[in-house]
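Observations on chain architecture
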Amino acid sequence: GATVHDGGTIVIVQGPRFSTRAESAWFASNGWHLINMTQLPEAALTRELGMCYVNLSVITDYDVGVPGEVAPVTHAEVSRRFEETLDTLKETVRRLIPHAEAAPRACSCSDV
């Protein structure tokens, strides 16, 4: 029942913090799709080790908002949204594990 997006570009910010309006506008103007605080260094380290990986991101907010449509994010809203999606996240991980164990590697992850 979850919405899945295959692809996109993530900008990583050192957290925990929210972006300023200027940062958020700059990220969007560059065509970046997500702002994330937890994608790095994990992706780089797994690549260095030749390991396969997948990112599961819970989208909690619209950063500083969408003028006239969505209000800027608050910590309370992020926490509420994450709690709301936690069961879906757990179920997704539960369903992915058997596929990861059984899947033959047909990727370039080990081509370090």
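Just so you know, these numbers come straight off a predicted model, no measurement behind them.

Focus on the overall build of the protein chain
- Counting secondary structure elements, the protein chain contains three helices and two strands.
- Its C-alpha atoms give the protein chain principal-axis dimensions of about 50 × 30 × 20 Å.
- Burial statistics for the protein chain: of 112 residues in total, 15% are counted as buried.
- In the protein chain, 59% of the contacts between residues at least 6 apart in sequence involve partners at least 24 apart.
- Carbon together with sulfur atoms contributes 58% to the accessible area of the protein chain, which is approximately 8700 Å² in total.
- The centroid of the 9 positive side-chain charges in the protein chain is displaced by 2 Å from the centroid of its 14 negative side-chain charges.

Some remarks on the environment of glycine 50
- Summarising the element assignment, glycine 50 is placed in the loop between α2 (42-48) and α3 (75-102).
- Look at glycine 50 and you get buried, because its relative accessible area is 8%.
- Along the chain, glycine 50 and cysteine 109 lie 59 residues apart, while their C-alpha atoms are 5.2 Å from each other.

Observations regarding the packing of aromatic side chains
- Following the criterion strictly, the structure yields three aromatic pairs and no others.
- For the pair tryptophan 26 and phenylalanine 27, a centre-to-centre distance of 6.0 Å together with 55° between the ring planes defines the contact as tilted.
- For the ring pair phenylalanine 27 and tryptophan 32, a centre distance of 5.9 Å and an interplane angle of 40° mean the geometry is tilted.
- The class of phenylalanine 27 is buried, set by a relative accessible area of 7%.
- An aromatic cluster of three or more residues is present, and its members are Trp26, Phe27 and Trp32.

With respect to the pattern of salt bridges
- Enumeration according to the criterion identifies six salt bridges in this entry.
- A salt bridge links arginine 81 to glutamate 84; the shortest N-O distance between them is 2.4 Å. Note that arginine 81 and glutamate 84 are positioned in helix α3 at a spacing of three residues, about one turn of the helix.
- Owing to a relative accessible area of 46%, glutamate 84 belongs among the partly exposed residues under this scheme.

With respect to a nonpolar patch on the surface
- Taken together, the side chains of Val54, Leu56, Val93, Leu96 and Ile97 present a nonpolar region at the surface, about 400 Å² in accessible area.
- Mapped onto the elements, isoleucine 97 comes out in helix α3.

Side note on the environment of glutamate 48
- For glutamate 48, the position within the fold is in helix α2.
- Each C-alpha atom, one on glutamate 48 and one on asparagine 36, is 21 Å from the other, the two residues being twelve residues apart in sequence.

Digging into the side chain of glutamine 39
- Here glutamine 39 lies in the loop between β2 (34-36) and α2.
- Looking at glutamine 39, its side chain comes within polar contact range of the side chain of asparagine 55, at 2.5 Å.
- If near-sequence neighbours (up to four positions away) are discounted, glutamine 39 is found in contact with Ile10, Ile12 and Asn55.

Conventions used here
- Residues numbered from 1 in each chain as written.
- Predicted model: local features only at pLDDT ≥ 70, side-chain atom pairs only at ≥ 80, totals over all residues.
- Heavy atoms only, no water.
- Helix = DSSP H or I, 4+ residues; strand = E, 2+ residues; numbered from the N terminus.
- Buried < 20%, exposed > 50% of the residue type's maximum accessible area, 1.4 Å probe, protein only.
- Contact = heavy atoms within 4.5 Å.
- Areas by Shrake-Rupley, 256 points an atom, 1.4 Å probe, with all protein chains shown as cover.
- Lys, Arg positive; Asp, Glu negative; His and termini not counted.
- Charge placed at Lys NZ, Arg CZ, Asp CG, Glu CD.
- Phe/Tyr/Trp six-rings, centres within 6.5 Å; stacked < 30°, edge-to-face > 60°.
- Salt bridge = Lys/Arg side-chain N within 4 Å of Asp/Glu carboxyl O.
- Patch = residues over 30% accessible without salt bridge, like charges linked within 9 Å, V, L, I, M, F, W, Y side chains within 5 Å.
- Polar contact = N/O pair within 3.5 Å; in protein donor to acceptor, adjacent residues only side chain to side chain.

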